[in-house]
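# A structural walkthrough
Below, each chain spelled out in residue letters.
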Amino acid sequence: MVRFEKQMLGNGLRVIVHRDTSTPIAAVNVLYDVGARDEDPSRTGFAHLFEHLMFEGSLNIPDFDTRLQDAGGENNAFTTNDITNYYDTLPAQNLETAFWLESDRMLGLAFSEQKLEVQKNVVVEEFRQSYLNQPYGDVWMLLRPLTYQVHPYMWPTIGKDISHIREASLADVKHFFGRFYHPANAILSVSGNVEPDQVFRMAEKWFGDIPAGEPYLRNLPVEPAQTAQRRLRVEREVPFDQLFLAFHTSKRKDDTFYATDLLSDVLSNGSSSRLVQNLMKEKRMFSEVNAYITGSMDKGLFVVTGKLHEETSMEAAEQAFFDELRVLQNELVGDRELQKIKNKAEASHIFSESNVMAKAMNLAYYELLGDAGLLNQQTTFYFEQTPDALQEIALSLFAPERASVLQYHSVKINKSV
Amino acid sequence: MINRQETPATSIITHLPFIVPKKGQLGNGVPVYLVEGGTEDIVRVELLFLAGSYHQHKPLVTYSAANLLKSGTKGKTSREISEMLDFYGVYLQIDAQKDIVSVSVYVLKKYLEKVLAMVQEIVIGPSYPQSELDILLKNQKNQHIVNNNKVAYLARLHFGEQLFGSQHPYGYRLRKIDFDKISRDDLLAFHKQWIHPGNLNIIASGKLPENITSMLEKFFGNSNWARPAQEPPEPVYLAATSENKKLLIHKNEALQAAIRMGKRTINRSHPDHQRLMIANALLGGFFGSRLMKNIRQDKGFTYGINSALVSLVRDGYFFVGTQVGAEVCQAAIDQIYQEIRDLRTKPASAEELMTLKNYLSGSFLRSFDGPFAQADRFKEILVFGITPEYFDNFLVELKNTTPESVMDTAGQYLHEDSLIEVVAGKR
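The rules behind the values
- Residues numbered from 1 in each chain as written.
- Chains lettered and ligands numbered in written order.
- Predicted model: local features only at pLDDT ≥ 70, side-chain atom pairs only at ≥ 80, totals over all residues.
- Heavy atoms only, no water.
- Helix = DSSP H or I, 4+ residues; strand = E, 2+ residues; numbered from the N terminus.
- Contact = heavy atoms within 4.5 Å.
- Buried area = accessible area lost by both parts, 1.4 Å probe.
- Salt bridge = Lys/Arg side-chain N within 4 Å of Asp/Glu carboxyl O.
- Polar contact = N/O pair within 3.5 Å; in protein donor to acceptor, adjacent residues only side chain to side chain.
- Phe/Tyr/Trp six-rings, centres within 6.5 Å; stacked < 30°, edge-to-face > 60°.
- Lys NZ or Arg CZ within 6 Å of the ring centre and 35° of its normal.
- Domains from an automatic or database assignment.
- Nonpolar A, V, L, I, M, F, W, Y, C, P; charged D, E, K, R; others polar.
- Pairing = 2+ DSSP bridges.
- Axes fitted to C-alpha atoms, helices over the stretch in contact; angles between N-to-C directions.
- Core = buried A, V, L, I, M, F, W, Y, C linked by side-chain atoms within 4.5 Å.
- Buried < 20%, exposed > 50% of the residue type's maximum accessible area, 1.4 Å probe, protein only.
- 1 Å grid on protein atoms, 1.4 Å probe; cavity = no way out; pocket = protein on both sides within 12 Å on 5 of 7 lines; lining within 4 Å.
- Points joined across faces, edges and corners; volume = space filled by probe spheres on them.
- Expected span 1.5 Å × (residues − 1).

## Describing the side chain of A:Ser404
- Within the fold, A:Ser404 resides in strand S11 (residues 403-410).
- Residues contacting A:Ser404, with those up to four places away along its chain left out, are A:Leu146, A:Thr147, A:Gln226, A:Arg230, A:Phe244, A:Leu245 and A:Ala246.

What follows is the structure, given as structure tokens:
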């Protein structure tokens, strides 16, 4: 149970505080309700490039990182298709430094053309390191446009094309800031050895005078229901074939989220799970298997994937996956098996509550979903699910005509290492 | 109006929240360390065996013997074991390193006793089924083949070999063929020789039940858990750093080159080690380090660069690692040498040193946050036979650090002419 207090400032900034006196640390999380889905299709990769620029100087403070380090703190950030999230940890007695820094960069950025150029290079190298220069690194650049034809989930956070980053101008970046980086579009959460009243006072002091800004009304194209199977076959210089099946699921806020998540756990969470036991151990068709959901705000994906052994054909692999999905449609998941994956969900929830940074991050995320208090109900929501609910989801999701199939074939590569 | 130009007042860390673990001993002599704390009802129990790949006679034996502990016993199949552990939501972590084998469970306190009974069974009596070994080796071999297409992996493997020599277990570079040479008998022999109470330390952390000691006694203090009649002798190897200081592993299609540079140096048990850690931090140990500022934040050559000191029980080394665009590879290498030269020749400014000290003390504090983190830090000194004063001493070293002491330490241990250089990719 994560107890918290919540207030909203006059400019619309939501502030959440959780007190944990067992730690000498304070964690500060600032979530901005903007992700790659909010980008202009001809200017993709901006939310993420922007995350880099948030460290390059704000109105009154030229160097975010150094000032935080001076207070014994450390920070990082990440961008997803839905959100951009910044987080700092520091000794609790130096909490105000994080407020000073985070409020100044919410107030306004002030970086040079030269710093923009350098960060564009850094992001290009990140693109190469994570997507292009890794075996299987481009999978999501293929899978996204295959599964989304209309919705902006069709591009990854790094961007559709590296040229969008290379061409970004200072004016583009400023426009992006003005549109998304203001108090009503953000959630501030703090956890650790802090006094809630003092934190609220500090929030008012540092964030209270930031202008509210124009509200951003999200109006994204809705991905239509898929009616015919989509298939993509690519050849790459990788050592082994890999197969991906993807199906559209519900939104994170829909009630069906929990049963869908448990369904993916039945398939691959833990070494006793079905794909591991049946397809890796018994049939020895794959060297790796995984099933997971993207859990995104708009309609997400249920992905089943595996790396094939050399003697396994793509056809046999695909058949084996569909067979497992059919079992989920035709037979109820057993009571003990369901209890097992619920217990795993409970345990991982409790483990995450032992970390002061994770608590701040989770509170902000659930507040974005509608109420920070949802954090404390997650285990209950999982425990409410029944075998029938899981079967119903399996029946609605796994029709062959609703599948997107990506066959990632291995070609000519030196395996003698 | 608030003055946003002015930094809020801060205070530095003077007190370390490290609690020396409560030490006990089981009936069979196994030392037990208890680290009590935390807010949630969760417990971690770690069985730490002081033997690792340094002690194996063939590559992959330690890895396989450790990872297959969970894959079958006399009375239970691999599937039964994983069903049980999954049912209780246990997170089982098996770690086979160069000097240690560690088996940890993270478990809800309410299930601890049931889970420890299972841990006892798998650690004491693994059956190492042939089929499980076949599956593990085949899958790991595939993983190795995939990794060999990653420049960072190639650079890391070759760097180890250059540093310690191909005959030394710390430097041995894994080959595909090694996956075909392991038998069940190798695993059984390794288990018999090294996974026994004479080599074991137990660290329990978290919200411990009152009867934790008797629980550990029941499962791991049993005198039936035999030690080998004769302790095997400690193997002896001599490290032989390559005469050839530069190595290029060609991977022509690569867009980026992975660079790894470094040398063997002192480890944690040496009195100068903390001083060297501080100098290393300034060079490449955090986001505000000189390497990061120069090569990422100023030049934009890379997504990230760092340097680190690695302590092995019988040796130690220093390295700088990064991935850069192939076209700027040489420029990046030149800059790395320049930064190492500057570390021993150019004094840090008062501001730079203050940032370093404040950051390191905060980061030090964070590294002790919570019972699991405390247990991890304690493990660092336990493996090296160091006393807990080590931690307080770090804050003293940090306080006493001056621009001159950083330059002296760097000059003594990190001279740029003494480095091995490995590049994987195109340059």
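Moving on from the model shown.
## Details of the interface of chain A and chain B
- The interface of chain A with chain B comprises 82 residues on the first partner and 74 residues on the second.
- Between chain A and chain B, roughly 6,700 Å² of surface is buried when both sides are summed, and carbon and sulfur atoms account for 52% of that area.
- Here chain A is connected to chain B by nine salt bridges.
- The partner of B:Glu83 in a salt bridge is A:Lys340, with the nearest N and O atoms 3.3 Å apart.
- The interface formed by chain A and chain B contains 34 residue pairs in polar contact (both at pLDDT 80 or more).
- Per-element accounting of the side of chain A that touches chain B gives the leading share, 10 residues, to helix H4 (residues 113-132) of chain A.

## A few points about the packing of aromatic side chains
- With the rule as written, the count across this model stands at 48 aromatic pairs over all chains.
- Between B:Tyr88 and B:Tyr111 the ring centres are 4.7 Å apart and the planes differ by 55°, which places this aromatic pair in the tilted class. Of this pair, B:Tyr88 sits in the loop between helix H2 (78-87) and strand S4 (91-96) while B:Tyr111 sits in the loop between strand S5 (101-108) and helix H3 (112-124); the two residues are 23 residues apart in sequence, bridging distant segments of the chain.
- Taken together, the aromatic side chains of A:Tyr32, A:Phe46, A:Phe50, A:Phe55, A:Phe64, A:Tyr86, A:Phe176, A:Phe177, A:Phe180, A:Tyr181 and A:Tyr216 make up a single cluster linked through ring pairs.
- If you follow A:Arg105 out to its NZ or CZ, it ends over the ring of A:Phe55, 4.7 Å from the centre.
- Above the face of the B:Phe319 ring, B:Arg260 is positioned so that its terminal group lies 3.9 Å from the ring centre.

## Remarks on the domain arrangement of chain A
Residue and element names in this part refer to chain A.
- Under the domain assignment used here, chain A contains domain 1 (5-207) and domain 2 (230-410).
- Each of domain 1 and domain 2 has a C-alpha centre, and these two points are 28 Å apart.
- Taken together, the contact between domain 1 and domain 2 spans 38 residues of the former and 38 residues of the latter.
- Interface area, domain 1 with domain 2, both sides summed: about 3,100 Å², of which 69% is carbon and sulfur.
- Among the residues of domain 1 in contact with domain 2, Tyr-136, Leu-146 and Thr-147 are the three that bury the most area, contributing 22% of the side total.
- Residues Glu-367 and Lys-6 are paired through a salt bridge, measuring 2.9 Å at the closest nitrogen-oxygen approach.
- Scanning the region where domain 1 abuts domain 2 turns up 18 residue pairs in polar contact (both at pLDDT 80 or more).
- Counting only elements with at least two residues in the side of domain 1 that touches domain 2, the list comes to strand S2 (14-19), strand S3 (25-32), strand S5 (84-91), helix H5 (139-147) and strand S6 (186-192).
- By residue number, the principal contributor to the side of domain 1 that touches domain 2 is H5, which donates six residues.
- Of the residues in the side of domain 1 that touches domain 2, the class split is 18 nonpolar, 12 polar and eight charged.

## Side note on the domain arrangement of chain B
Residues and elements named next belong to chain B.
- Splitting chain B by domain gives domain 1 (22-220) and domain 2 (246-425).
- The C-alpha-based centres of domain 1 and domain 2 are spaced at 29 Å.
- With 34 residues of domain 1 at the interface, the matching set in domain 2 holds 32 residues.
- A combined buried area of about 2,800 Å² lies between domain 1 and domain 2, and 77% of that area is made up of carbon and sulfur atoms.

## Quick look at the sheet that holds strand S2 (residues 31-36) of chain B
All names here are of chain B.
- With mixed pairing, six strands are arranged side by side in an open sheet as S1-S2-S6-S3-S5-S4. The sheet is open, and its two borders are formed by strand S1 (22-25) and S4, each paired with just one other strand. Taking each pair of neighbouring strands and ignoring which way they run, the sheet shows an average axis angle of 15°.
- Running over the sheet, H3 touches strand S3 (42-49) and S5 and is turned about 160° from S5.

## So, the nonpolar core
Residue and element names in this part refer to chain B.
- Counting 64 residues, the largest nonpolar core has Val-45, Leu-47, Ile-202, Leu-216 and Phe-220 as its most contacted members.
- The greatest single-element share of this core, amounting to seven residues, is contributed by H3.
- Each residue touching Leu-216, except ones within four places of it in the same chain, is listed here: Leu-26, Val-32, Leu-34, Val-45, Leu-116, Ile-202 and Gly-221.

## Here we look at empty space enclosed by the protein
- Summed over the entire model, instances satisfying the criterion amount to one cavity of 30 Å³ or more.
- Of the voids in this model, the largest cavity is the one considered here, and its volume is about 50 Å³.

## Points about the environment of A:Lys253
Residue and element names in this part refer to chain A.
- Along the chain, the position of Lys-253 falls in the loop between strand S8 (242-248) and helix H9 (257-268).
- A residue is classified by how much of its surface remains accessible, and Lys-253, at 55% relative accessible area, is exposed.
- Here the alpha-carbon distance between Lys-253 and Ala-394, two residues 141 residues apart in the chain, equals 19 Å.
- In contact with Lys-253, other than residues within four places in its own chain, are Leu-368 and Leu-369.

## Notes on helix H5 (residues 151-164) of chain B
All names here are of chain B.
- Along its 14 residues, H5 runs 20 Å from first to last C-alpha, staying within 8% of the 20 Å computed at 1.5 Å per residue.
- When you tally the buried positions in H5, you get 12 out of 14 residues, the bulk of the element.
- Burial in H5 covers these residues: Val-151, Tyr-153, Leu-154, Ala-155, Leu-157, His-158, Phe-159, Gly-160, Glu-161, Gln-162, Leu-163 and Phe-164.
- Contact partners of the buried residues in H5: helix H4 (130-147), strand S7 (246-250), strand S8 (256-264), strand S9 (302-312), strand S10 (315-325) and strand S11 (420-425).
- Count one or two residues on from H5 and you reach Gly-165, which has phi positive near 95°.

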